[in-house]
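# Chain and residue survey
Each chain, written out:
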Amino acid sequence: MKKKSETMGIWKALKKVNSFVFVNAPFWYLTYIVISVLLTGAAFLNLYFAEYTTSSAWKLFTGQAAFPQVMSMVLWLSAGLLAFLALRIVGEIVWEKLRLKTRYHFEKNLLDQTSRVQYDYYESHDNNLDIYNVCTKSFAAFENYIKSTVLYVTMIPLVAIYAWYLAQINPVMVLVYLFLSIALSLFSGKIFGQLGDMWQEIQPFAQRQKYFFSIGSEKDSHQECQSCRLYPYIAGKWNMAYDEEYKIRIKIFSRYEISMQTVRLIYNLPYIMMLTFVVYEIVQGRHEIGFLAMANGLLNNIIDSVELLQENIAQNQQDKEFVGKFEKVLGMHRDKGRQDENAQGCELVLTDVRYRYPQASSYALEGITFQVAKGEKIALVGVNGSGKTTCMMIVLGLLHGQGNQRLFKNGRPQRELISCILQDFAQYQMSIRENIQAGCIGKALTDDEVYGLLHAVGMEEFVRRQEKGLDTMLGQLGDGIDLSKGQWQRIAIARLLANPAAELWILDEPTAYLDPMTEIEIYRLIQELSGDRAVIFISHRLGFVRNADRIIVFEKGKVALSGKHAELMEQGGIYAEMYESQKQWYR
C-alpha cells in the first residue's frame, strides 16, 4: 500500500478556504451566507404549508371550514413560498458572483506562484504531480468547501426548526435524534477518514490512465499513434491503468454505500416508530390529519439532511488533499533570479558545478568547470544524457546546482542578459506580433522592427501574405492558423533576435526541425547577427560545430575535452569518433 501522506484535516481545510474567500470576496461570501440562512425559513414554511393544506382539505370535505377563509390563507402561504423562490434565485446569482471572484483570485495567485516557482520543483515527480493536481482539481475542492461551510452554518437554524417540530410529536424523540446525530457523526468521521486515505491511492492510476487516453486523442500524438498502428498497444496500457483505478474506486464506493445505507437504516427506525406514534395520536384526537403530512415531511427532511451532511463529510475528506496541495504549492520557494556582485565584464564562469535530479541516484553533472568570454562562440556536444542541457538549465537559473556561477555585470539579474531557444521551445497560441514581442518584454516593437526580424528568419513573405499580417493568430485557439514545426522554430529564432540587450545567446538544437539548407542559412545568420555577444550552441549535428571558437565535449556529466575542431580531431577520442561517424552519412 502506498505510504500515507501528511495532510491537513477537514476543519483545517475549512479554515484555510474560508480565510482565502473572506480575504478576496468578503461581501459576496457574507451575502451568500445570509441568504442561505434566510432560506432555511422555507423548510419551516413548507412543513406548515403541508400541515395546513392537508388539514384544511379534510375540514372542507367534512364542512368544518369555509372555502374563502382557507383559500385566503393558502394564497398568503403561497406568496411566502414564492418569496423564498425569488430569494433562492438571488442566492444563485450571488453564488455565481462569489464563485467567479474566488476563482479569479485563486487562479491569479496560482499563476503568479507557478510561473515563478523554482524549476527544480518540476523535476521532482511528487512535486510535479502536486502542481498538476492543484491546477486541475483544487478549485473544485475550494468550491465544495465553500458550499460545505454554508451547509454547516445553515444546519444550525435547521436543527432548531426540526427540534421544534419534533418536540410537538414527543420531546423524547428530540433527545433520540440528537444522540443518533452525535453517534453517526463520530462513526462517519472515522469511516470517511479511511475513505479519504484511499482516494489518495487513486491519483497515480487516474493520472496514468488519462495520459494513455490522451495519446489517442491529442493532435501531437495522434498522427504517430495512427500511422504506427499503436492503438492496440496504447489501449492495452490504458485498460491496465483503468482496471487498477477501477478496483480502488469500486472498493471506495462499496464502503461508501454501505456506510450511507447504514446511516439511512438507523434513521429510518425512529422514522417508522414516530409515524406510527403520530397516527396513534391522530386517532386519539390529539392532532389533526395534517399533522401526519407534516411529520412525514419533517422526518424525510431530517433523513435527507443527514445524508447530505454525510456526503459533504465524505467529499471534504477527499477534497482536503487538494486544499493541502494548494497550500504546499503556494509555499514553494520562488526563483528570485541570481545576481552577481563580483563578476567583471561580459563573462560566464562555471566552477565545479554539480547537479543531481531528485529521482536520480547519480549526478547528472559532476565538476563542470569552464568559462565563456564576451563574443566567444561555444559549442557543447556529446551523446544524449551527457549533461549538456542540464548545464544550460543551470546557467539559465532554472535548476540550482552546487558550485559557483558568475554572469556578467555587477548586480544585474542574469536573465536580463540571456536570450535562449530551448530544445522544447514554446508554441504560443497568440498573434505573430505577440509571439515576437514576447522576446523583448518592456519595449514595444514597431511593425518595421517585427517585419525585420521575420525577414531575418525567412518568414516575412509568409506573414505579409496573411490577411491580418502581424495580427494573424497562431495555433488552434479561435481563428488561428497552424504552422509547421520548422515555421514555429523560425518564429522562436525571431523571438531570440528581438532582445537587443542580451549578451548571451543559448541555443539548444535551434535548427532541429529545419531542412539542411535552411539550417546552414540560420546558423550563418545567427553568427552574423550575434556580433560581440557570447553564443552557446548545443547540437548533435557537428557540421556547423566545427566553426565554433571552442568546442566543449560532455561525457557522463563531465567535461571530457575542450578545444577547436582541428585540435580535437588531432587528439582523437569521443569527439573525433562522433564527427567521423556523422561524416560517413555524407559520403
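Residues numbered from 1 in each chain as written. Predicted model: local features only at pLDDT ≥ 70, side-chain atom pairs only at ≥ 80, totals over all residues. Heavy atoms only, no water.

### Some thoughts on the overall build of the chain
- When its secondary structure is counted, the chain shows 18 helices and 9 strands.
- The burial tally for the chain puts 45% of its 587 residues in the buried class.
- Accessible area of the chain: about 31,100 Å², with a carbon and sulfur share of 58%. (Helix = DSSP H or I, 4+ residues; strand = E, 2+ residues; numbered from the N terminus. Buried < 20%, exposed > 50% of the residue type's maximum accessible area, 1.4 Å probe, protein only. Areas by Shrake-Rupley, 256 points an atom, 1.4 Å probe, with all protein chains shown as cover.)

### Side note on helix 1 (residues 10–24)
- Between its terminal C-alpha atoms helix 1 stretches 21 Å, which fits the 21 Å expected from 15 residues at 1.5 Å a residue.
- Inspection of helix 1 places Ile 10, Ala 13, Leu 14, Val 17, Asn 18, Phe 20, Val 21 and Asn 24 among the buried residues, and these make up the whole buried set. The arc enclosing the buried residues of helix 1, seen along the axis, measures out at 160 degrees, which places them on a common side. Turned more than 90 degrees away from the buried face of helix 1 sit Trp 11, Lys 15 and Val 23, all of them exposed.
- Elements that come into contact with the buried residues of helix 1 comprise helix 2 (26–39), helix 4 (67–114), helix 5 (125–169) and helix 9 (290–330). (Expected span 1.5 Å × (residues − 1). Arc of directions from axis to C-beta. Contact = heavy atoms within 4.5 Å.)

### Description of the packing of aromatic side chains
- Going through the model one piece at a time under the given rule, you end up with 19 aromatic pairs.
- Seen from their ring centres, Tyr 48 and Tyr 52 are 6.3 Å apart, and the 20 degrees between their planes marks the pair as stacked. Taken together, the residues Tyr 48 and Tyr 52, both in helix 3 (residues 41–62) and 4 residues apart, mark about one turn of the helix.
- Relative to Tyr 242, the ring of Trp 238 lies with its centre 5.2 Å away and its plane at 40 degrees, an arrangement referred to as tilted. Taken together, the positions of Trp 238 and Tyr 242, both in helix 8 (residues 231–283) and 4 residues apart, correspond to about one turn of that helix.
- Classification of Trp 238 by relative accessible area gives partly exposed; the value is 27%.
- Looking at Tyr 242, the relative accessible area reads 37%, which means it is partly exposed.
- Site record: aromatic cluster; members linked through ring pairs are Phe 20, Phe 106, Phe 139, Phe 142 and Phe 326.
- A cation over an aromatic ring shows up here: Arg 356 above the ring of Tyr 363, its NZ or CZ 5.2 Å from the ring centre.
- Above the ring of Tyr 451, the side-chain terminus of Arg 464 is found at 3.7 Å from the ring centroid. (Phe/Tyr/Trp six-rings, centres within 6.5 Å; stacked < 30°, edge-to-face > 60°. Lys NZ or Arg CZ within 6 Å of the ring centre and 35° of its normal.)

### Digging into the sheet that holds strand 6 (residues 504–508)
- What the 6 strands build is an open sheet, ordered 5-6-7-3-8-9; its pairing is mixed. Strand pairing shows two members of the sheet lacking a second neighbour, strand 5 (418–421) and strand 9 (558–563), which therefore form its edges. Across the sheet, the mean angle from the axis of one strand to that of its neighbour is 15 degrees, orientation sign disregarded.
- Pairing geometry for strand 6 and strand 7 (residues 534–538), over 5 bridges, is parallel. Note on strand 7: the bridge partner recorded for Asp 508 is Ile 538.
- Strand contacts of helix 14 (residues 485–497): strand 5 and strand 6, with the helix running at about 175 degrees to strand 5, the strand carrying the most contacts.
- The strands touched by helix 15 (residues 516–530) within the sheet are strand 3 (377–381), strand 6 and strand 7, with strand 6 carrying the most contacts at an inclination of about 165 degrees. (Pairing = 2+ DSSP bridges. Axes fitted to C-alpha atoms, helices over the stretch in contact; angles between N-to-C directions.)

### Concerning the pairing of strand 8 (residues 550–555)
- Judged by how many residues are buried, strand 8 sits mostly within the fold: 5 of 6 residues are covered.
- In this sheet, strand 8 lies alongside strand 3 in parallel orientation, the contact comprising 4 bridges. What sits directly across from Leu 380, in strand 8, is Ile 552.
- With 5 bridges joining them, strand 8 and strand 9 adopt antiparallel strand pairing. The residue bridging Glu 555 from the neighbouring strand is Lys 558, located in strand 9.
- The antiparallel hairpin formed by strand 8 and strand 9 contains 2 residues in its connecting segment, where Lys 556 sits at a positive phi of about 55 degrees.

### Details of unusual backbone geometry
- Its identity is not glycine, yet Asp 352 carries a phi of approximately 50 degrees, on the positive side.
- Relative to the helices and strands, Asp 352 is located in strand 1 (residues 347–355).
- Located in the positive-phi region is Lys 556, a residue other than glycine, with phi close to 55 degrees.
- Note on placement: Lys 556 falls in the loop between strand 8 and strand 9.

### Notes on the pattern of salt bridges
- Within the structure shown, the criterion is met by 21 salt bridges.
- The salt bridge involving Arg 433 is made with Asp 447; its shortest N-O contact spans 2.4 Å. One end of the pair, Arg 433, is in helix 11 (residues 432–437); the other, Asp 447, is in helix 12 (residues 447–456), and 14 residues separate them in sequence.
- Arg 433 sits in the partly exposed class, given a relative accessible area of 22%. (Salt bridge = Lys/Arg side-chain N within 4 Å of Asp/Glu carboxyl O.)

### Digging into the nonpolar core
- If you look at the biggest cluster of nonpolar residues, it comprises 57 residues, and the most contacted ones within it are Leu 98, Phe 142 and Leu 298.
- Of all the elements in the fold, those that place two or more residues in this core are helix 1, helix 2, helix 3, helix 4, helix 5, helix 8 and helix 9.
- Examining the composition of this core, we find that 17 residues originate from one element, helix 5, more than from any other.
- Among residues more than four places away in sequence, those in contact with Phe 142 are Val 17, Phe 20, Phe 106, Val 323 and Phe 326.
- Listed in part, the 37 residues of the second largest apolar core include Val 450, Ile 491, Ile 493 and Phe 537. (Core = buried A, V, L, I, M, F, W, Y, C linked by side-chain atoms within 4.5 Å.)

### Looking at the packing of helix 5 against helix 9
- It is the contact of helix 5 with helix 9, at a shortest axis distance of 6 Å, that shows an interaxial angle of 155 degrees. With respect to their mutual orientation, helix 5 and helix 9 come out roughly antiparallel. The way helix 5 lies across helix 9 gives a crossing that is left-handed.
- Counted by class, the contact of helix 5 with helix 9 contains 25 nonpolar, 11 polar and 6 charged residues. (Parallel < 35°, antiparallel > 145°, perpendicular 65-115°, else oblique. Left-handed = near helix turned anticlockwise from the far one by under 90°. Nonpolar A, V, L, I, M, F, W, Y, C, P; charged D, E, K, R; others polar.)

### As for the environment of Glu 460
- Assignment of secondary structure puts Glu 460 in helix 13 (residues 460–465).
- Along the backbone, Glu 460 and Leu 470 are 10 residues apart, and their C-alpha atoms lie at a distance of 9.6 Å.
- Engagement of the side chain of Glu 460 in a polar contact is seen with the side chain of His 455, the distance being 3.0 Å. (Polar contact = N/O pair within 3.5 Å; in protein donor to acceptor, adjacent residues only side chain to side chain.)

### Topic: a nonpolar patch on the surface
- Among the surface-exposed residues, Leu 60, Phe 67, Met 71 and Leu 75 lie close enough to one another that they form a single nonpolar patch of about 370 Å² accessible area.
- Sort the elements by how many residues they give to the nonpolar patch and helix 4 lands first, with 3 residues.
- For Phe 67, the location among the structural elements is in helix 4. (Patch = residues over 30% accessible without salt bridge, like charges linked within 9 Å, V, L, I, M, F, W, Y side chains within 5 Å.)

### Things to note about the side chain of Asp 130
- Within the secondary structure layout, Asp 130 lies in helix 5.
- Here Asp 130 falls in the buried class, since its relative accessible area comes to 7%.
- Ignoring any residue separated from it by four or fewer positions in sequence, one finds Asp 130 in contact with Lys 325, Lys 328 and Val 329.

The analysis is restricted to geometry; functional conclusions fall outside its scope.
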